Amino acid sequence: MKLPPLLVVVALGGTAHAEGERALSVGLGWATFSALGKPMGRQAPPTLSPDIGGALVASYEYSISSDIALRGELAGGVFHGGAQARQSQTSFASLGDAGAVFRFDVLQVVPYLFAGVGGVVSGGGPLDRGADFVLVVGGGVDWLMSRDRSVGLEARIASFGGDITVATFGVRGTLRWGEL
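Remember, it's a predicted structure, so these values are computed and weren't measured experimentally.

Reading the values: rules and limits
Residues numbered from 1 in each chain as written. Predicted model: local features only at pLDDT ≥ 70, side-chain atom pairs only at ≥ 80, totals over all residues. Heavy atoms only, no water. Phe/Tyr/Trp six-rings, centres within 6.5 Å; stacked < 30°, edge-to-face > 60°. Buried < 20%, exposed > 50% of the residue type's maximum accessible area, 1.4 Å probe, protein only. Lys NZ or Arg CZ within 6 Å of the ring centre and 35° of its normal. Helix = DSSP H or I, 4+ residues; strand = E, 2+ residues; numbered from the N terminus. Pairing = 2+ DSSP bridges. Salt bridge = Lys/Arg side-chain N within 4 Å of Asp/Glu carboxyl O. 1 Å grid on protein atoms, 1.4 Å probe; cavity = no way out; pocket = protein on both sides within 12 Å on 5 of 7 lines; lining within 4 Å. Points joined across faces, edges and corners; volume = space filled by probe spheres on them. Nonpolar A, V, L, I, M, F, W, Y, C, P; charged D, E, K, R; others polar.

1. Observations regarding the packing of aromatic side chains
Aromatic rings in a pair are described by how distant their centres are and how their planes are angled relative to each other.
Next up, step 1: What the rule picks out here adds up to four aromatic pairs.
Next up, step 2: A ring pair is formed by tyrosine 112 and phenylalanine 114, whose centres lie 6.3 Å apart and whose planes are at 25°; its orientation type is stacked. For the pair tyrosine 112 and phenylalanine 114, one class covers both residues: buried.
Next up, step 3: Positioned above the aromatic ring of phenylalanine 114, the side-chain terminus of arginine 71 is 3.8 Å from the ring centre.
Next up, step 4: The ring of tyrosine 112 has arginine 103 sitting right over it, with the charged end atom 4.8 Å from the ring centre.

Here you go:
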């Protein structure tokens, strides 16, 4: 006799689907870099980093399942400090990458990890290096305000071969639409 109510629950329940959901996020935060300076004489080159830096980030996601989404992002950072003799104190880095994101849960608080490959263009002061490929890894947490809006914290590190490493940490806001 307990089987019919169970069948009704199974028939009406179904699974959560997020395929086709889209999200656009904008973030603002702190940024830093680590780069090798020019060697002085026979000494090893010094490691350079700025006194202060900031980043603006925009990302787009397209869900292919309830836990996995394709992700593309653009980030830009401006830095002050870390220069050697006869270098400007102001430098910048622009990053673009594509990859995937994995969300751990679909509750009020949603932690996630992401990874991608892309490129970085840097210039000015100690970052006058031009363009290079990068690997990007990061993660964060979203607090759902509603089904289509969230706020969160996000961190990323972008590097390739140790020549230059850029790290960011900041807040972000997200709008979602599509198959909800």
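2. A closer look at the pairing of strand S8 (residues 149-159)
Looking along a regular strand, one sees the side chains alternate between the two faces of the sheet.
Next up, step 1: Residues Ser150, Gly152, Glu154, Arg156 and Ala158 line the buried face of S8, whereas the alternating positions Arg149, Val151, Leu153, Ala155, Ile157 and Ser159 sit on a face that is not buried.
Next up, step 2: Here strand S7 (residues 130-146) pairs with S8 via 11 bridges, running antiparallel. Of the residues in S8, the one forming a bridge with serine 146 is arginine 149.
Next up, step 3: Here S7 folds back onto S8 in antiparallel fashion, the turn holding two residues.
Next up, step 4: Here 11 bridges tie S8 to strand S9 (residues 164-177), and the two strands are oriented antiparallel to one another. Residue serine 159 lies in a different strand from S9, and its bridge partner there is threonine 165.

3. Let's talk about the environment of phenylalanine 160
Next up, step 1: One can find phenylalanine 160 in the loop between S8 and S9.
Next up, step 2: C-alpha of phenylalanine 160 to C-alpha of valine 120: the two residues are 40 residues apart in sequence and 9.7 Å apart in space.

4. Describing the pattern of salt bridges
Next up, step 1: A full pass over the atoms with the stated rule returns 12 salt bridges.
Next up, step 2: Residue glutamate 73 pairs with arginine 71 through a salt bridge whose shortest N-O separation is 3.1 Å. The exposure classification of glutamate 73 matches that of arginine 71, with both residues buried.
Next up, step 3: Between glutamate 154 and arginine 156 there is a salt bridge; the shortest N-O distance is 2.5 Å.
Next up, step 4: Owing to a relative accessible area of 6%, arginine 156 belongs among the buried residues under this scheme.
Next up, step 5: Several salt bridges share partner residues, and in doing so they unite Glu21, Glu61, Arg71, Glu73, Arg103, Asp142, Arg147, Glu154, Arg156, Arg172 and Arg176 into one network.

5. Examining the pairing of S9
Next up, step 1: Where strand S1 (residues 22-36) lies against S9, 14 bridges are found, and the strand directions are antiparallel. Looking at S9, one finds that alanine 31 is bridged to threonine 168.

6. Let's talk about empty space enclosed by the protein
Next up, step 1: Scanning the model with the defined rule gives two cavities of 30 Å³ or more in all.
Next up, step 2: Computed from the structure, the largest cavity encloses a volume of approximately 80 Å³.
Next up, step 3: Considering the residues around the largest cavity, the lining is formed by 13 residues, among which Val57, Glu154, Arg156, Gly170 and Val171 are closest to the centre.
Next up, step 4: Among the secondary structure elements, those contributing two or more residues to the lining of the largest cavity are S1, strand S3 (52-63), S8 and S9.
Next up, step 5: Per element, the largest residue contribution to the lining of the largest cavity is five residues, and it comes from S9.
Next up, step 6: By residue class, the composition of the lining of the largest cavity is six nonpolar, four polar and three charged.
Next up, step 7: Volume-wise, the second largest cavity comes out at about 60 Å³.
Next up, step 8: If you tally residues by element for the lining of the second largest cavity, the top one is strand S4 (residues 68-80), at four residues.

So, to be careful, I would describe these as geometric facts and stop short of saying anything about function.
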